[in-house]
Amino acid sequence: MKIATWNVNSIKARLENAVAWLKDAEPDVVAFQELKCTDDTFPRETFEELGYNCAVHGQKTYNGVAILSKRPLEDVTPRLPGGDGDDHARYIEAIVPGDKGIVRVASIYAPNGNPVGTDKFTYKLGWMERLHAHAKELLKLEEKLVLMGDYNVIPTADDCWDPKAWESDALFQTESRAALRKLEFLGLTDAFRACHAETHQYTFWDYQAGAWQKDHGIRIDHILLSPQAADCLVTSGTDKKVRARERPSDHVPVWCELDVD
DNA sequence: ATGCCGACAGGATGTCGA
C-alpha cells in the first residue's frame, strides 16, 4: 500500500498538478493539506473519477485537510481532541481497511507559529501538545498508524540548507523541535529518515529568492509510523519533480510503501 | 535588516504562509 502526503497550497490552484501527480505516482492513500476551500467546494468529482474516495475537512481561505483512498474510508474523524474554540481545519483521521487488517491514517496541518513570541507561536506549541496527547491514545490501540502531513517543524540542522537563516523562525525553535521529538519518542518512526541516511533532503522550497533553483529547502513534511506500521515499511521517498512544474505548490509529496496489501 | 512569491478575498491592497 503506497501512502503519500502533500501540502498542495490550494487544491483549486493545484488541481491540474494534483491530477497529473496522482496518475503518475498512483498512491493508494493520500493526505492533502492546505486545501483553502470549504467541504462543498472541494473538487470531489475529479478525484472520484480517478478512483478515490474522499474524506474532507475544509475551511474557507485557510487550512483544510483531506484523505483520499482507493479503498473505503471508515470512521472518519475531522478533528483533533481538545482545543476549546479552535476552529482551524488542521486534522482529519480515518481507517483504511487492508487485506492484512486496518491502517489508521491522519492528515495533519500543524500551525506555522510565526512570528515567535506571539499568540501564534503559543498556539503552535499548544496544538503540538494536543497532537501528542492524541497520538499517545492512538498508540494504545496497537494498530498500524500513519500520522502524516505538514508538521511545520525542521527536525535538525541537517534538514535545512542554512540553519542560521532559520534560527529565529518558529519552524526551527528549540521548543518546536522538542515538540516533534516528544511525539517521535512515543514510539513513532519518521518513515523518510528510516529509509534515507543522506542529509539535506527537502520537502519545501520557498517561492521567493530562487530557493528552488538554489536548493535552499527545508524538510517539514513527515510521515510518522506506529511500531506496527513501521514493521511493514518497505521504502519511502519524495516526489521532487512536481516542484519544477508550472504553477507548483511550494511543498512536494512525501510517500512510503507499507507491506500491508 | 527586509523583500523577494503566490493564493485569497474582493475589486485595491492587506493577510497569511514558511
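Above this text you will find the structure in question.
Position numbers for residues count from 1 along each chain, tracking the sequence in the order it is written. Chain A is the first chain written and ligand 1 is the first ligand written, with later ones labelled in order. Selection of residues for local features in this predicted model requires a pLDDT of at least 70, selection of side-chain atom pairs for listing and counting requires 80 or more, and totals for whole chains, interfaces and linings are taken over all residues.

Asks: Sorry, what's going on with the overall build of chain A here?
Replies: A run of DSSP states H or I qualifies as a helix once it reaches four residues; a run of E qualifies as a strand once it reaches two. Both are numbered from the N-terminal end. The number of helices and strands found in chain A is 7 helices and 14 strands. What the globule rule says is 2.2 Å times the number of residues to the power 0.38, and the radius of gyration is computed from C-alpha atoms. Taking 18 Å as the expected radius of gyration for a compact globule of 261 residues, we find that chain A reaches 17 Å, a close match to that expectation. The C-alpha extent of chain A, read off along each of the three principal axes, is 45 × 45 × 40 Å. The burial label depends on the number of other C-beta atoms within 10 Å of a residue's C-beta. Counts of 20 or more mean buried, 12 or fewer mean exposed, and intermediate counts mean partly exposed, with C-beta atoms placed from the backbone. Counting every position in chain A, which comprises 261 residues, the buried fraction comes to 44%. Long-range contacts, defined as pairs at least 24 residues apart, comprise 69% of the intrachain contacts of chain A with a sequence gap of at least 6. We call two residues in contact if the C-beta atoms placed from their backbones are at most 7 Å apart.

Asks: Explain helix α1 (residues 15-25) here, please?
Replies: For an α-helix, 3.6 residues make a turn, and residues three or four places apart therefore share a direction. All of the buried residues along α1 are Ala18, Trp21 and Leu22. Projected down its long axis, α1 shows its buried positions confined to an angular sector of 100 degrees, all on one face. Within α1, the exposed residues directed more than 90 degrees away from the buried face are Glu16, Lys23 and Asp24. One or two positions beyond α1, positive phi appears at glutamate 26, with a value near 50 degrees. As used here, the arc belongs to the directions running from the helix axis to the C-beta atoms.

Asks: I keep staring at the environment of alanine 157 and nothing clicks. Help me out?
Replies: With respect to the secondary-structure elements, alanine 157 resides in the loop between β8 (144-150) and α4 (163-166). Distance in space between the C-alpha atoms of alanine 157 and threonine 199 is 9.3 Å, their sequence separation being 42 residues.

Asks: Can you help me understand the sheet that holds strand β6 (residues 91-98) in this one?
Replies: The strands making up a sheet are joined through hydrogen bonds of the backbone, oriented either antiparallel or parallel. If you walk across this open sheet you meet the 6 strands as β5-β6-β7-β8-β12-β9, and the pairing is mixed. Looking at strand neighbours, the two that pair on one side only are β5 (74-77) and β9 (189-190), the edges of this open sheet. In terms of strand pairing, β6 meets strand β7 (residues 101-109) through 8 bridges, oriented antiparallel. Counted as the bridge partner of isoleucine 95 is arginine 104 from β7. What makes two strands pair is DSSP finding at least two bridges between them.

Asks: Help me understand the packing of helix α3 (residues 119-139) against helix α5 (residues 174-184) in this model?
Replies: When two helices pack together, their arrangement is given by the angle between their axes and by how far apart the axes lie. Here the axes come from fitting lines to C-alpha atoms, over the contacting stretch only for helices, and the angles between their N-to-C directions go from 0 to 180 degrees. Between α3 and α5, the least distance of the axes is 10 Å, while the angle of their chain directions is 5 degrees. Classified by the angle their axes make, α3 and α5 are roughly parallel. In this structure, α3 uses Lys124, Leu125, Met128, Leu131, His132 and Ala135 to contact α5, whose residues at the interface are Glu175, Ser176, Ala179, Lys182 and Leu183. Any residue outside Ala, Val, Leu, Ile, Met, Phe, Trp, Tyr, Cys, Pro, Asp, Glu, Lys and Arg is labelled polar, Gly included; the first ten of those are nonpolar and the last four are charged. Broken down by class, the residue content of the contact of α3 with α5 amounts to 6 nonpolar, 2 polar and 3 charged. Here the word oblique covers every angle except those under 35 degrees (roughly parallel), over 145 (roughly antiparallel) and from 65 to 115 (roughly perpendicular).

Asks: Explain the sheet that holds strand β1 (residues 2-7) to me, please; I cannot follow it from the model alone.
Replies: The sheet built from 6 strands is open, its strands ordered β3-β4-β2-β1-β14-β13 with mixed pairing. The open sheet terminates on both sides in strands that have one partner only, identified here as β3 (53-57) and β13 (233-238). Strand-to-strand, the axes of this sheet are offset by a mean angle of 15 degrees, without reference to chain direction. Pairing between β1 and strand β2 (residues 29-33): 5 bridges, direction parallel. In the strand pairing of β2, threonine 5 is matched with alanine 31.

Asks: Explain the environment of arginine 130 here, please?
Replies: By the element assignment, arginine 130 lies in helix α3. On the basis of neighbour counts, which here come to 17 C-beta atoms within 10 Å, the residue arginine 130 falls in the partly exposed class. For the pair arginine 130 and glycine 82, spaced 48 residues apart in sequence, the C-alpha to C-alpha distance is 6.5 Å. Residues in contact with arginine 130, not counting those within four places in the same chain, are Leu80, Pro81, Gly82 and Gly83.

On their own, these measurements won't tell you what the molecule is for.
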